[in-house]
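Structural description and commentary
Take a look at the letters that make up each chain.
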Amino acid sequence: MTDLAARAAELRQLIEYHNRRYYELDEPEIPDADFDALVRELCQIEDAHPELATEDSPTRHVGGAPTQLFAEVRHRVPMMSLDNAFDQAELDAWAERLARLLPGVDLPDLALTCEPKVDGVAMSLTYVDGRFVRAATRGNGVTGEDVTANVATIADVPHRLAPSAGPYPHHLEVRGEVYMGAAAFHELNRRAAAEGTRTFANPRNSAAGSLRQKDPAVTATRPLSFWAYQIGEVDGAPPETAGGSAGGPAGEPAGGLAGWPPGRQSEALELLAKAGFPVSPDAVVVRGVAAVLARCREVEQRRHDLGYEVDGVVVKVDDLALHARLGATSRAPRWAVAFKFPPEERTTLLRDIEVSIGRTGRATPFAVLEPVLVAGSTVGLATLHNEDQVRAKDVRPGEQVIVRKAGDVIPEVVGPVRAKGRRPPPWTFPTTCPSCRGPLTRLPGESDTYCTNIDCPAQRVQRVVHFASRAAMDIEGLGDERVLQLIGEGLVTDPADLYTLDAGRLAALERMGVVSAGNLVGAIEFSKERPLSRLLVALGIRHVGPTVARALAGAFGSLEALRAAPVDALASVEGVGPVIADAAVAFFTNPANQVVLDRLVRLGLSTTEPGATGDAVRRTMAGKSVVVTGSVPGYTREEAELAIVVRGGKSPGTVSKKTFAVVVGESPGASKTSKAEALGVPTVPAERFDELLETGELPA
Ligand code: IVH
């Protein structure tokens, strides 16, 4: 018992501390989910042992104290918090309480609104005779801060209510959420990063920080939005006691739209929209708790497509007359519950930062984390991209960090948990490659660091792994470990070696056996038939992913044509620009790559693309033999010859009577020109070479 009392006291301390960081300083140290967990633990202790509950327990009030920056505002109708439900059982428990408190109400048919719980800052807006007079934050629920001047800059907040939706109560309080849309938030942060000013961890902090400005002109530059979701005070009382009609019998929708004050939450939303407030388009009315869960799951599925951050769904009893019957606890109304989605942010220990070497030699730092369950999957590793990112995030091994995994997005380390006390030293980028011990170099003006040793084993492993990967040659059974083993055994040094593997030799390897060896060799053999586009991906040419590879393979039709293609022919393919074209030419002209390519061809890999149009190479030179002599402006000798070959022609070194034409450049060879003359072979001046290539005809 004394342990429990001590824990309760500790939890109160912690909650007060984090409340302050969240509400007053806009600098939360821990993710919301961790905070919720603290509150839940304290609630559980206090529920089980009411004698341990204290009057001033944070479970009995919300938020933080005013900061003195702004004038205080008292909320005549308190701005309460919401109870949370994290799963179906907790939602059912909420419904059971409704059933107990509302005898005679047909619960399975009860109308409930489901509204996205947008993650921003709760705001109270006061209108007197339809005119905006004041905006106040929630503060501790009873006293908030006057942020009128700042909120007046938000375009979504009407300064006058639409006359057509009146007449309005003399004194009308509208509650809602000031938030920042996802796109606006990212753009704001991008600009802040570019200007070297403060960035925000998430849209909520960004909205809160923007509201807490002394100068409204600053707030005006921030892309803030507003959603109205509730009617607060109506002429001195909560709406449900302010004389609104409750519509039909409890749980039945009212017929027709009542005026102010409305009798139902759904009517309130409609009236607010008519009055000129933005109202979430994703708010719906459902019947019964079973339908609530389905709706929550639906919103959860779409949460990353909504364009704003949601952390759950707020479920409210639609009939406001029932709100009065249900009342509230000291902290939250009983007529509503917040169904919270699984957290996408958690804290965990950053054990270390290591560096991995990719197939191009790029050294990528990554976080080694104490594994933690985030958004349904366990995260143990997360990329940190490059040296600058590690510095910008200021994450240090040995510290707690916030890990975020939003939807399908790859897990990310957001930043350190900013705790008091001494921090461990900052991490420094290693100077040597963890694989080959060669130097790691970062070129001036670049953000990436590279191991430039082409023989680095890590690079070799990654090249082969990439070659065999799903989007490339799709060879099953060739993951990192297996490739490491094959390279370690000296059986493989480059991708071409895969096609020389012997099943008998493989079967003798550790963790292999006859069946696996047979399967692997079979899978490798099978991959020989993959189309050219996959081979291009597998080769790991810079900038050449599946889409570009298909465009190139489709346009040229064969590896042979591609290898011979000049830069401009490559660059003229739809979706391929000069950068990709340069990278491809650099790859195909590299002698080491040529050796591997020649071997792959000899080993019998398919080098064509089924269904290719091949229309990047108009075969204007088909069947023609064109000799080049002297230098052609814009071409090296080799390029001029290639231009002919790619178009289906031949470019031998000597003139014969079969020669179609001799292209005569600057300082031509005397023997070739005189032989052309003797044999009656037409000559073409160098400046008309392009025309010859283009048309396949002798220029007139
Ligand atoms: S109703 C007493 N509706 O969630 C109930 N709240 O802890 C008042 N929130 O601070 C809240 N969307 O800032 C309500 N559609 C919505 C909401 C919503 C977001 C926020 C609000 C409040 C917190 C609940």
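Residues numbered from 1 in each chain as written. Predicted model: local features only at pLDDT ≥ 70, side-chain atom pairs only at ≥ 80, totals over all residues. Heavy atoms only, no water.

Our next topic: the site of the ligand. The ligand sits among 15 residues. The nearest are Glu115, Arg138, Glu177, Tyr229 and Lys316. Compared with its free state, where it exposes 520 Å², the ligand has 88% of that area covered by protein. A class-by-class count of the residues in the shell around the ligand yields 8 nonpolar, 2 polar and 5 charged. (Near = heavy atom within 4 Å. Areas by Shrake-Rupley, 256 points an atom, 1.4 Å probe, with all protein chains shown as cover. Nonpolar A, V, L, I, M, F, W, Y, C, P; charged D, E, K, R; others polar.)

In this section: the confidence of the model for the chain. With 95% of its residues at a pLDDT of at least 70, the chain reaches an overall mean of 88. Note that pLDDT drops below 50 for residues 244-257; the model gives that stretch 35 contacts with residues more than four away or on any other chain. (pLDDT = per-residue confidence, 0-100. Contact = heavy atoms within 4.5 Å.)

Contact pair helix H12 (residues 457-468) / helix H13 (residues 480-488): the axes reach a minimum separation of 9 Å and the direction vectors enclose 125°. For the element pair H12 / H13, the angle class is oblique. In the packing of H12 onto H13, the handedness of the crossing is right-handed. On the side of H12, the interface is formed by Arg460, Val461, Gln462, Val464 and Val465, while H13 contributes Asp480, Val483, Leu484 and Ile487. Of the residues that constitute the contact of H12 with H13, the class distribution is 6 nonpolar, 1 polar and 2 charged. (Axes fitted to C-alpha atoms, helices over the stretch in contact; angles between N-to-C directions. Helix = DSSP H or I, 4+ residues; strand = E, 2+ residues; numbered from the N terminus. Parallel < 35°, antiparallel > 145°, perpendicular 65-115°, else oblique. Left-handed = near helix turned anticlockwise from the far one by under 90°.)

Moving on: the packing of helix H20 (residues 578-589) against helix H21 (residues 591-602). Where H20 contacts H21, the two axes come as close as 5 Å, and the packing angle between them is 75°. The angle between H20 and H21 falls in the class roughly perpendicular. Together, Phe587, Phe588 and Thr589 of H20 and Pro591, Asn593, Gln594 and Leu597 of H21 make up the contact between the two elements. A breakdown of the residues in the contact of H20 with H21 according to their chemical character gives 4 nonpolar, 3 polar and no charged.

Now for the sheet that holds strand E4 (residues 121-128). Hydrogen bonding along the main chain pairs the strands of a sheet, whether they run parallel or antiparallel. Taken together, the 4 strands give an open sheet; going across it, the order is E5-E4-E7-E8, and neighbouring strands pair in antiparallel fashion. Looking along the sheet, the strands with just one partner apiece sit at the ends: strand E5 (131-137) and strand E8 (225-234). Sheet twist, expressed as the average angle between the axes of neighbouring strands with direction ignored, equals 30°. Pairing geometry for E4 and E5, over 6 bridges, is antiparallel. In the strand pairing of E5, Thr126 is matched with Arg134. Against the sheet, helix H6 (residues 203-211) makes contact with E4 and strand E7 (171-179), and its axis sits at roughly 45° relative to E4, the strand it touches most. Relative to E8, helix H8 (residues 265-275) is tilted by about 120°, and along the sheet it contacts E7 and E8. (Pairing = 2+ DSSP bridges.)

In total, this model carries 36 salt bridges according to the counting rule given. Residue Arg97 is joined to Asp83 by a salt bridge in which the shortest nitrogen-to-oxygen separation is 3.7 Å. Highlighted residues: Arg97 in helix H3 (residues 88-101) and Asp83 in the loop between strand E1 (72-74) and strand E2 (84-85), separated in sequence by 14 residues. Owing to a relative accessible area of 22%, Asp83 belongs among the partly exposed residues under this scheme. (Salt bridge = Lys/Arg side-chain N within 4 Å of Asp/Glu carboxyl O. Buried < 20%, exposed > 50% of the residue type's maximum accessible area, 1.4 Å probe, protein only.)

Looking at where Ala686 falls in the secondary structure, it is placed in the loop between strand E21 (683-685) and helix H24 (689-695). Residue class for Ala686 comes out buried when judged on its relative accessible area of 9%. For the pair Ala686 and Gly630, spaced 56 residues apart in sequence, the C-alpha separation works out to 8.6 Å.

Now for the pairing of strand E10 (residues 310-317). Of all 8 residues in E10, 8 are buried, a share of seventy percent or more. As paired elements, strand E3 (residues 111-118) and E10 share 6 bridges and run antiparallel to each other. Paired with Leu112 across the two strands is Val317, which belongs to E10. For E10 and strand E11 (residues 336-340), the ladder comprises 5 bridges, and the chain directions are antiparallel. By the bridge assignment for E11, Lys316 is matched with Ala336.

Turning to a negative patch on the surface, a few remarks are in order. A cluster of acidic residues, Asp568, Glu638, Glu639 and Asp690, forms a negative patch on the protein surface. Summarising the element assignment, Asp690 is placed in helix H24. A relative accessible area of 46% places Asp690 in the partly exposed class. (Patch = residues over 30% accessible without salt bridge, like charges linked within 9 Å, V, L, I, M, F, W, Y side chains within 5 Å. Lys, Arg positive; Asp, Glu negative; His and termini not counted. Charge placed at Lys NZ, Arg CZ, Asp CG, Glu CD.)

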